[in-house]
Amino acid sequence: MSKDVVDTAGAASRTGATQSPADAGDAGYSKDLKARHVNMIAVGGAIGTGLFLGAGGRLRDAGPALAVAYLVCGIFAFFVVRALGELVLYRPSSGSFVSYAREFLGEKGAYVAGWLYFLNWSTTGIADITAIALYTHYWSLFTDVPQWVLALIALAVVLAVNLISVKIFGEMEFWFAIVKVATLVGFMLIGVFLLATQHQVGDSTPGPGLVMDHGGLLPHGMMPVVLVMQGVIFAYAALELVGVAAGETADPQKVVPRAVNSIMWRVGLFYVGSVVLLALLLPGSAYSADESPFVTVLSGIGVPAAGDVMNLVVLTAAMSSLNSGLYSTGRILRSMAMAGSAPRFTARMNRSQVPYGGILLTCAVCVLGVGLNYLMPSQAFEIVLNVASLGVISTWVIIMVCHLVFVRRAREGLVIRPSFRLRGSPVTEIVTIAFLLAVLGLMGNDPEIGRKTLLLVPVIAVLLVAGWFTVRNRVSKTADRELSTFTG
């Protein structure tokens, strides 16, 4: 990392001044994201298709113990976001953890962090446009439209929104989150009513007895719970968006702590609470990976158009995820480009102060996903979902490693920690890293998908090494140029 970035970061942490960008990639952004936008971006990151759609198949496979899996993974996800929140208050940056990796792990660390995050969101983007196309096919009006055409239309719409301005992005995420929260609150009120009145749901009578009569918490043993951990962690992906969004809000010192702290109760209420309710309303065998568990319950009590409403909500969640992916990768790639580790055009911004170069690069990969939808429409979703999970886990591990180094430097008196902190360092970071790596390793117990996904690890490693040797001279020249400017 260049000397001026380190010095500026140190000065900012000591004086509290944030007027000058501490990272070259932070210059030029507007500060148009308001507190309500950042709060709802945090909600949007915590609630997505992993709950609205994925919980059905996981309940069938793992049983009611899925609620425990969501709780455990949610706690570790909170640790990650709390660590990131502390780094944000130390030095807000649109480059987020890539900027922190540059400061605490060096340019190689930033390079690895950035490209793995790009891998995560570009493949997640493919999964999102695939999901959008599949959900749209639910309505007969669109049945005859090819899946790849619907995927391309979805990509074009979200791209246009991202390129207009960050304020439009924030508004879109705000209303997407409102739809998701309102749906969950409505379902939970219905679920509590059904539970309290013992109202029949299909052929079942809700209550704790339903769990005990169908094998208890672990009807299929412990292994299925272990195997779904990867999918549960992927369900929490995007929580780190709070760190990226902080670089474009006027008062991160107030906004970020509130947004981060709210994540824990949202996880407890929406994820764990919803799964507990679902387990008490119907046996696990009644749920399916092909249908939202909320539709299964509502259809069981004869709610008209339950499928249409929930399909619209799941479609909204997928659009929200795609929207967030384009937003975050655009900012991350710009931070990398300013340091020389990403193509130069990804540093470009339009008149609305949007880094369109990085957004277009992510879209280019998503266009490949449109081709995948054309060639293998039935397999496209599963293929990219598993690649994305590798990016999620690696991103979270890098955030915790950065925080470990940050705390160590604070103890050496080189930086000052803000009052908003991750408690229990270094134990909290080490336990979180060990848990994430264990989840990665346990994927090997799944011969169908997990093992094939792990085989991609050496391939990705080789590509990263080859890429570093391609860009290292440019990175070095960029750092030297910044240093000469500083000393001159």
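Before any of the text, the structure's been laid out above.
Quick look at the structure, then. (Residues numbered from 1 in each chain as written. Predicted model: local features only at pLDDT ≥ 70, side-chain atom pairs only at ≥ 80, totals over all residues. Heavy atoms only, no water.)

**Brief notes about the overall build of the protein chain**
Stage number 1. A count of helices and strands for the protein chain gives 21 helices and zero strands.
Stage number 2. In the protein chain, which comprises 488 residues, the proportion classed as buried is 58%.
Stage number 3. Taking all contacts inside the protein chain whose residues are at least 6 apart in sequence as the whole, residues at least 24 apart take part in 80%.
Stage number 4. Accessible surface computed for the protein chain: about 19200 Å², of which carbon and sulfur atoms make up 66%. (Helix = DSSP H or I, 4+ residues; strand = E, 2+ residues; numbered from the N terminus. Buried < 20%, exposed > 50% of the residue type's maximum accessible area, 1.4 Å probe, protein only. Contact = heavy atoms within 4.5 Å. Areas by Shrake-Rupley, 256 points an atom, 1.4 Å probe, with all protein chains shown as cover.)

**Brief notes about the nonpolar core**
Stage number 1. Counting residues in hydrophobic clusters, the biggest one holds 151 residues, and the most contacted among them are Phe52, Tyr70, Trp115, Ile233, Tyr236 and Val297.
Stage number 2. With 16 residues, the single largest contributor to this core is helix H5 (residues 66-90). (Core = buried A, V, L, I, M, F, W, Y, C linked by side-chain atoms within 4.5 Å.)

**Considerations on the packing of aromatic side chains**
Stage number 1. Throughout the structure, instances matching the rule amount to 15 aromatic pairs.
Stage number 2. Measuring from centroid to centroid gives 6.1 Å for tyrosine 90 and phenylalanine 104, while their planes differ by 40 degrees, and the two rings are tilted. Residue tyrosine 90 is found in helix H5, and its partner phenylalanine 104 is found in helix H6 (residues 96-105); the two are separated by 14 residues along the sequence. The exposure classification of tyrosine 90 matches that of phenylalanine 104, with both residues buried.
Stage number 3. Every member of this aromatic cluster is reached through a ring pair, and the members are Tyr70, Tyr236 and Tyr271. (Phe/Tyr/Trp six-rings, centres within 6.5 Å; stacked < 30°, edge-to-face > 60°.)

**Here's the deal with the pattern of salt bridges**
Stage number 1. Evaluated as defined, the whole model comprises four salt bridges.
Stage number 2. Close ionic contact of arginine 102 with glutamate 107 constitutes a salt bridge, the shortest N to O distance being 3.3 Å.
Stage number 3. A relative accessible area of 3% means that arginine 102 is categorised as buried. (Salt bridge = Lys/Arg side-chain N within 4 Å of Asp/Glu carboxyl O.)

**Some thoughts on helix H7 (residues 107-136)**
Stage number 1. Helix length check: H7, at 30 residues, gives a terminal C-alpha distance of 43 Å against a target of 44 Å (1.5 Å per residue), a fit within 8%.
Stage number 2. Within H7, 26 of the 30 residues are buried, which leaves the element mostly enclosed by the surrounding structure. (Expected span 1.5 Å × (residues − 1).)

**Quick notes on unusual backbone geometry**
Stage number 1. The step from serine 425 to proline 426 runs through a cis peptide bond, and the omega angle for that step is 5 degrees.
Stage number 2. Position of proline 426 among the secondary structure elements: in the loop between helix H18 (380-411) and helix H19 (427-442).
Stage number 3. Here glutamine 198, not a glycine, exhibits a phi torsion of approximately 55 degrees, which is positive.
Stage number 4. Within the secondary structure, glutamine 198 sits in the loop between helix H9 (166-197) and helix H10 (208-212).
Stage number 5. Notably, glutamine 353 is not glycine yet its phi reads approximately 65 degrees, a positive angle.
Stage number 6. Topologically, glutamine 353 is positioned in the loop between helix H16 (306-339) and helix H17 (356-375).
Stage number 7. The exposure class of glutamine 353 is partly exposed, given its relative accessible area of 31%.

**Quick word on the packing of H6 against H16**
Stage number 1. With their axes 8 Å apart at the nearest point, H6 and H16 run at an angle of 30 degrees to one another. In terms of orientation, H6 lies roughly parallel with respect to H16. Contacts from Ser96, Phe97, Val98, Ser99 and Arg102 in H6 reach Ile332, Ser335, Met336 and Ala339 in H16.
Stage number 2. Each residue belonging to the contact of H6 with H16 can be placed in one class, and the counts come to five nonpolar, three polar and one charged. (Axes fitted to C-alpha atoms, helices over the stretch in contact; angles between N-to-C directions. Parallel < 35°, antiparallel > 145°, perpendicular 65-115°, else oblique. Nonpolar A, V, L, I, M, F, W, Y, C, P; charged D, E, K, R; others polar.)

**Here's the deal with a nonpolar patch on the surface**
Stage number 1. A cluster of nonpolar side chains, Trp148, Leu152 and Val367, forms an exposed patch at the surface whose accessible area comes to about 240 Å².
Stage number 2. For leucine 152, the position within the fold is in helix H8 (residues 147-164). (Patch = residues over 30% accessible without salt bridge, like charges linked within 9 Å, V, L, I, M, F, W, Y side chains within 5 Å.)

**Observations concerning the packing of H7 against H16**
Stage number 1. Two elements in contact, H7 and H16, have axes whose closest approach is 8 Å; the angle formed by their N-to-C orientations is 155 degrees. With respect to H16, the element H7 is oriented roughly antiparallel. The two elements H7 and H16 meet at a crossing, and its hand is left-handed.
Stage number 2. Considered class by class, the residues forming the contact of H7 with H16 number 18 nonpolar, ten polar and two charged. (Left-handed = near helix turned anticlockwise from the far one by under 90°.)

**A few points about the environment of glycine 307**
Stage number 1. Among the structural elements, glycine 307 can be located in helix H16.
Stage number 2. C-alpha of glycine 307 to C-alpha of serine 292: the two residues are 15 residues apart in sequence and 8.4 Å apart in space.
Stage number 3. Leave out the neighbours within four places in its chain, and glycine 307 touches Tyr138 and Val295.

**Some details on the side chain of threonine 183**
Stage number 1. Structurally, threonine 183 can be placed in helix H9.
Stage number 2. Each residue touching threonine 183, except ones within four places of it in the same chain, is listed here: Phe52, Met310 and Val313.

**So, H19**
Stage number 1. For H19, with 16 residues, the first-to-last C-alpha span of 22 Å sits near the 22 Å given by 1.5 Å per residue.
Stage number 2. All of the buried residues along H19 are Thr428, Glu429, Thr432, Ile433, Phe435, Leu436 and Val439. Seen end-on, H19 carries its buried residues on one side only, within an arc spanning 160 degrees. (Arc of directions from axis to C-beta.)

**Quick word on the environment of alanine 154**
Stage number 1. As for its placement among the helices and strands, alanine 154 is situated in helix H8.
Stage number 2. On a C-alpha basis, the gap between alanine 154 and alanine 318 in space is 10.0 Å, while along the polypeptide they are 164 residues apart.
Stage number 3. Among all residues touching alanine 154, those that are not within four sequence positions of it are Ile132, Met319 and Leu322.

So far we have only geometry, and geometry alone does not tell us how the molecule works.
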